[in-house]
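One letter stands for each residue in the lines below.
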Amino acid sequence: MRRSSFSPEPNCAIAQSLAVVGDPWELLIVRDLARGLDRFDLLAESLRISRKVLTERLVGLMDSGIVERTAYQDRPTRYAYRLTPRGRALLPVLVALQDWGDRWLLGDGELTGTNDESEPPAHRLHELVGRRIPSGLLLEATNTGAPIDVVAPDTRATVVFGFPATGRPTPLPDDWRAIAGAHGCTLENKLFSERYDEFRAAGIAVHGVSTQRPDEQRAFAELEQIAQPLLSDTDLTLAAALRLPTFRAGGLERLKRFVLIAGADRVIRAVRYPVTDIPSAVEWALSTA
C-alpha cells in the first residue's frame, strides 16, 4: 500500500509527484506497460510480485489517472491495461532514471555515447532478441511529416538504427567530441542512404531514429539527401519501450548508437550493440535482415 504517513508538501511538485509514483513497483509497472506488457499475468510474471500487491498498485495508478483498463474478454472478464496521456508523460522520467543508473550505479560515472559489450546496457539490448516491438509505436517521419509505425508494414523486415544527433543544421554541444562514441552521426545516415535501394529491393525497410525534433531531422535529410525516413523520438516512446541506452548532452536525452532487425511479426531477430564500426554495421544489417 502507499505510505500512509507520507504527507507531501502542498507547493512542491517533486513531493506531490512522489505521493503518486513514489513506490518502486508503481514506476516498474509504468516501465512494463511502456514495453507492451498490457495483461495482468504478463505484468505479474515480469515483476515477480504477488497478485495482491500488483492489484493494489494498479488500482492506485488508475485512481491517479496514470493507467486505464479496458475489457478484452467476457466470462470471465479480463482486462488490458495501458498508459493514459498522463502516464505516457512519465516516460522521460523513466529514461532519465535508467540513464542515471546506467552511468552512476552500473557504470563508473563516465559520460559516454556507447558502452562496452560486457556492460549491462549491452546485455539489456541483446536480450531484446526474440521479443516483440509493441504495436502502435508511431513516430513522426521526415519523408511524410506524419507519424508512421516504427516497424514498416508489408515488408519482409525492418532495420531500425539509432544515432545520437545529426549535428547539422543545428550545432552540437561544445563538448560533444569529448564524449566517447558520440561524434560522427552523419556517417551512418549517409551509408544507409547509399545502400537504400539494395535494402528496398530485398524487401527491407530502413528507419533511422534519434531524439531530435522532426524539423531538425528534416532539414538534415534535405541537406544531406538522406533516402531513408528518419523518425523523431522526442517523447522517448521508443527509448522507453525498448529500454534503449541513452546519454544526456546539450540538455537532451540522446540515443546511443544501435542497430536492430525486426520481422514483419514485430519480433526482434537480431541486435548489434555497441556499434563502433559503422560501415560493417550497415553491411551486417543488409546481410542479416
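Up top you'll find the structure we're talking about.
Residues numbered from 1 in each chain as written. Predicted model: local features only at pLDDT ≥ 70, side-chain atom pairs only at ≥ 80, totals over all residues. Heavy atoms only, no water.

Peer 1: Whenever I open this one, the packing of helix H8 (residues 186-194) against helix H12 (residues 278-288) confuses me. Can you help?
Peer 2: A pair of packed helices is captured by two measures, namely the crossing angle of their axes and the spacing between those axes. The geometry of H8 relative to H12 is characterised by a closest axis approach of 10 Å and an angle of 35° between their N-to-C directions. Our pair here, H8 against H12, has a crossing hand that is right-handed. The segment H8 lies against H12, with Leu187, Glu188, Leu191 and Phe192 engaging Ile278, Pro279, Val282 and Ala285. Residue composition of the contact of H8 with H12, by class: seven nonpolar, no polar and one charged. (Axes fitted to C-alpha atoms, helices over the stretch in contact; angles between N-to-C directions. Helix = DSSP H or I, 4+ residues; strand = E, 2+ residues; numbered from the N terminus. Left-handed = near helix turned anticlockwise from the far one by under 90°. Contact = heavy atoms within 4.5 Å. Nonpolar A, V, L, I, M, F, W, Y, C, P; charged D, E, K, R; others polar.)

Peer 1: Could you clarify how one ought to interpret the side chain of Asp149 in this entry?
Peer 2: Among the structural elements, Asp149 can be located in strand S4 (residues 147-149). From its side chain, Asp149 meets the backbone nitrogen of Val151 in a polar contact 3.1 Å long. A polar atom in the side chain of Asp149 sits 2.9 Å from the side chain of Arg266. (Polar contact = N/O pair within 3.5 Å; in protein donor to acceptor, adjacent residues only side chain to side chain.)

Peer 1: What am I meant to see in the packing of aromatic side chains here?
Peer 2: Two aromatic rings, taken as a pair, are described by how far apart their centres are and by the angle between their planes. All told, the structure shown has four aromatic pairs when counted by the stated rule. Their ring planes at 40° and their centres at 5.8 Å tell us that Phe192 and Phe199 sit as a pair that is tilted. The class of Phe199 is buried, set by a relative accessible area of 0%. Following the ring pairs from residue to residue traces out a cluster consisting of Phe161, Phe163, Phe192 and Phe199. One cation-aromatic arrangement involves Arg39 over Tyr72; the distance from NZ or CZ to the ring centre is 3.7 Å. (Phe/Tyr/Trp six-rings, centres within 6.5 Å; stacked < 30°, edge-to-face > 60°. Buried < 20%, exposed > 50% of the residue type's maximum accessible area, 1.4 Å probe, protein only. Lys NZ or Arg CZ within 6 Å of the ring centre and 35° of its normal.)

Peer 1: Explanation requested: the sheet that holds strand S5 (residues 157-162) in the structure shown.
Peer 2: By way of backbone hydrogen bonds, the strands of a sheet pair with one another, either parallel or antiparallel. Strand order in this open sheet of seven strands is S4-S3-S7-S6-S5-S10-S11, and the pairing throughout is mixed. On the outer flanks of this sheet lie S4 and strand S11 (268-272), each paired with one strand and no other. The average undirected angle you get between the axes of adjacent strands in this sheet is 35°. Summarising the sheet, strand S6 (residues 204-210) and strand S7 (residues 230-232) pair through three bridges and their orientation is parallel. Looking at S7, one finds that Gly208 is bridged to Leu230. Across the face of the sheet, H8 comes into contact with S5, S6 and S7 while running at roughly 160° to S5. Sheet strands touched by helix H10 (residues 214-224): strand S3 (138-141), S6 and S7. Its angle to S7, the strand with the most contacts, is close to 165°. (Pairing = 2+ DSSP bridges.)

Peer 1: Which parts of the structure should I look at to understand the nonpolar core?
Peer 2: Proteins that are soluble and globular tend to have nonpolar side chains buried together. Residues Leu54 and Leu260 are the most contacted members of the largest nonpolar core, which totals 50 residues. Ignoring anything within four residues of it in the chain, the contact list for Leu260 reads Ile133, Thr158, Val159, Val160, Leu242, Ile268, Ala270 and Val271. Ala157, Ile226, Leu230 and Ile278 belong to the second largest nonpolar core, which has 25 residues in total. (Core = buried A, V, L, I, M, F, W, Y, C linked by side-chain atoms within 4.5 Å.)

Peer 1: How do you make sense of the pattern of salt bridges when you look at a structure like this?
Peer 2: Where charged atoms from two side chains of opposite charge come close, those side chains can pair. With the rule as written, the count across this model stands at 18 salt bridges. Between Arg266 and Asp149 there is a salt bridge, with the nearest N and O atoms lying 2.9 Å from each other. Note that Arg266 is positioned in the loop between strand S10 (258-263) and S11 and Asp149 in strand S4, a separation of 117 residues in sequence. On the basis of relative accessibility, which here comes to 8%, the residue Arg266 falls in the buried class. A single salt-bridge network, built from bridges that share partners, covers Asp23, Lys52, Glu56 and Arg57. (Salt bridge = Lys/Arg side-chain N within 4 Å of Asp/Glu carboxyl O.)

Peer 1: Quick question: what am I supposed to make of H12 here?
Peer 2: Helical periodicity: at 3.6 residues per turn, an α-helix aligns residues three or four positions apart in one direction. Of all the positions in H12, only Ile278, Ala281, Val282, Trp284, Ala285 and Leu286 are classed as buried. Buried residues in H12 make contact with S5, H8, helix H9 (196-201), S6, S10 and S11.

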